[in-house]
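# Residue-level structure breakdown
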Amino acid sequence: MITALTAASSSFIYIPAGAARIFPIQHLANVLTAVMLGPAYAVAGAFTVSLLRNLTGTGSIFAFPGSMIGALLASILYKKTKAVAFACLGEVIGTGVIGALCCYPIALLFLGKKIALLGFLPAFILSSFTGAIIAFILLKVLLKNSYLKKTIFQNDMVNRRM
């Protein structure tokens, strides 16, 4: 469900940033999926959303590795620390830094040096940072609800048994 909502909403909701676009909802979904469902679902969700966005014409080839690295790192850090802040930090480092640096050579080829450096890199960093901040606030509010906290904890226990 998170994947379907993210694909639909992030295809139309973005912040124009010069030659680039900022998609905070996709990064929000990466963190939510990482915290609530774990690494496998987070990576699969990030891949699916990137694929669907590419098919609708609003995605880019840069979203695949960046989002998957961010979702995986968010999951790993959350699993190790049980802290929402670390899940959000994982998204920013994974997508905004590692993902951006991995995709930078491709951006150079397709966008040129000036746009890749001044448009692509800042947009990747801002997008993941914005999504992570929204995720942090949303998860803090949601985790105050004891039912949701119990559900997340139960999912975590199921994932540990596997």
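I will try to describe carefully the structure that is included in this document. The shown structure was predicted, so the numbers you read here are calculated from the model rather than taken from an experiment. Every chain is numbered independently, its residues counted from 1 as its sequence is written. Local features are withheld for residues below a pLDDT of 70 in this predicted model, meaning they are given only at 70 or higher, and side-chain atom pairs are given and counted only at 80 or more; totals for whole chains, interfaces and linings count all residues. To get the side-chain values, all heavy atoms of the structure are used, and hydrogens and water are removed first.

### Considering the overall build of the protein chain
Per the convention used, a helix needs a DSSP run of H or I reaching at least four residues, while a strand needs a run of E reaching at least two, with both numbered from the N terminus. Regarding its fold elements, the protein chain presents 7 helices and 2 strands. Across the protein chain, helices and strands are ordered from the amino to the carboxyl terminus as α-β-β-α-α-α-α-α-α. Across the protein chain, every contact between residues at least 6 apart in sequence was considered, and the portion connecting residues at least 24 apart equals 66%. All accessibility values rest on the Shrake-Rupley procedure with a 1.4 Å probe; residue burial counts only the protein chains present in the view. Roughly 8600 Å² of accessible area belongs to the protein chain as shown, and the carbon and sulfur atoms make up 75% of that amount. Should any heavy atoms of two residues lie within 4.5 Å, those residues are considered in contact.

### Section: a nonpolar patch on the surface
Patch criteria: residues need more than 30% relative accessible area and no salt bridge. Like-charged residues are merged within 9 Å; nonpolar side chains of Val, Leu, Ile, Met, Phe, Trp and Tyr are merged within 5 Å. Definition used for salt bridges: Asp or Glu carboxyl oxygen within 4 Å of a side-chain nitrogen of Lys or Arg. Judged by side-chain polarity, Phe86, Leu89, Ile93, Val97, Ile98 and Leu101 come together as a nonpolar surface patch covering roughly 490 Å² of accessible area. Tracing the sequence through the fold places Phe86 in helix H5 (residues 84-111).

### Some points on the nonpolar core
Val31, Val35, Val84, Cys88 and Leu139 are the most contacted members of the largest nonpolar core, which totals 14 residues. Of all the secondary-structure elements, those providing two or more residues to this core are helix H2 (24-37), H5 and helix H6 (113-143). A total of 5 residues in this core trace back to one element, the largest contributor, which is H2. Cys103, Ala107, Ala116 and Phe124 belong to the second largest nonpolar core, which has 8 residues in total. Remark: nonpolar core denotes a set of buried residues (Ala, Val, Leu, Ile, Met, Phe, Trp, Tyr, Cys) joined through side-chain atoms within 4.5 Å. Only protein chains enter the accessibility calculation, which uses a 1.4 Å probe. A residue is then buried if its area is under 20% of the maximum for its type, exposed if over 50%, and partly exposed in between.

### Structural notes on the packing of aromatic side chains
Stacked, tilted and edge-to-face are the three classes applied to pairs of Phe, Tyr and Trp rings, where Trp contributes its six-membered ring and a pair requires centres within 6.5 Å; stacked means planes under 30 degrees apart, edge-to-face means over 60, and tilted covers the rest. For the structure on display, the rule yields 1 aromatic pair. Between Phe120 and Phe124, the ring centres sit 4.8 Å apart and the planes meet at 45°, which makes this aromatic pair tilted. Separated by 4 residues within a single helix, Phe120 and Phe124 lie in helix H6, roughly one turn from each other. Look at Phe120 and you get buried, because its relative accessible area is 6%. The buried category is assigned to Phe124, whose relative accessible area is 14%.

### Some points on the packing of H2 against helix H3 (residues 39-56)
Angles here are taken between N-to-C directions and fall from 0 to 180 degrees, while the axes themselves are lines fitted to C-alpha atoms, restricted in helices to the stretch in contact. Running from amino to carboxyl end, H2 crosses H3 at an angle of 155°, the nearest separation of the two axes being 8 Å. Taken together, the axes of H2 and H3 lie roughly antiparallel to each other. For the crossing formed where H2 meets H3, the hand is right-handed. Of the residues in H3, those in contact with Gln26, Asn30, Thr33, Ala34 and Leu37 of H2 are Tyr41, Ala42, Ala46, Val49, Ser50 and Arg53. As a working rule, the residues Ala, Val, Leu, Ile, Met, Phe, Trp, Tyr, Cys and Pro are called nonpolar, Asp, Glu, Lys and Arg charged, and the rest polar, with Gly in that last group. Partitioned by chemical class, the residues of the contact of H2 with H3 number 6 nonpolar, 4 polar and 1 charged. Oblique is the label for any angle not under 35 degrees, not over 145, and not in the 65 to 115 range, which are roughly parallel, roughly antiparallel and roughly perpendicular in turn. Crossings are assigned a handedness: left-handed for a near helix turned anticlockwise from the far helix by less than a right angle, right-handed for a clockwise turn.

### Some words on the side chain of Ser127
Turning to its location among the elements, Ser127 is positioned in helix H6. Polar contact criterion, stated in full: a pair of N or O atoms within 3.5 Å, where within protein one must be able to donate a hydrogen and the other to accept it, and residues adjacent in sequence count only if both atoms are side-chain atoms. A distance of 3.0 Å separates the side chain of Ser127 from the side chain of His27, its partner in a polar contact. Those residues within four positions of Ser127 in sequence are excluded, and the remaining contacts are Ile22, Phe23, Pro24 and His27.

### Some remarks on the side chain of Glu91
With respect to the helices and strands, Glu91 occurs in helix H5. What Glu91 contacts, discounting residues up to four positions off in sequence, is His27, Asn30, Val31, Gly70, Ala71, Ala74, Gly96 and Ser128.

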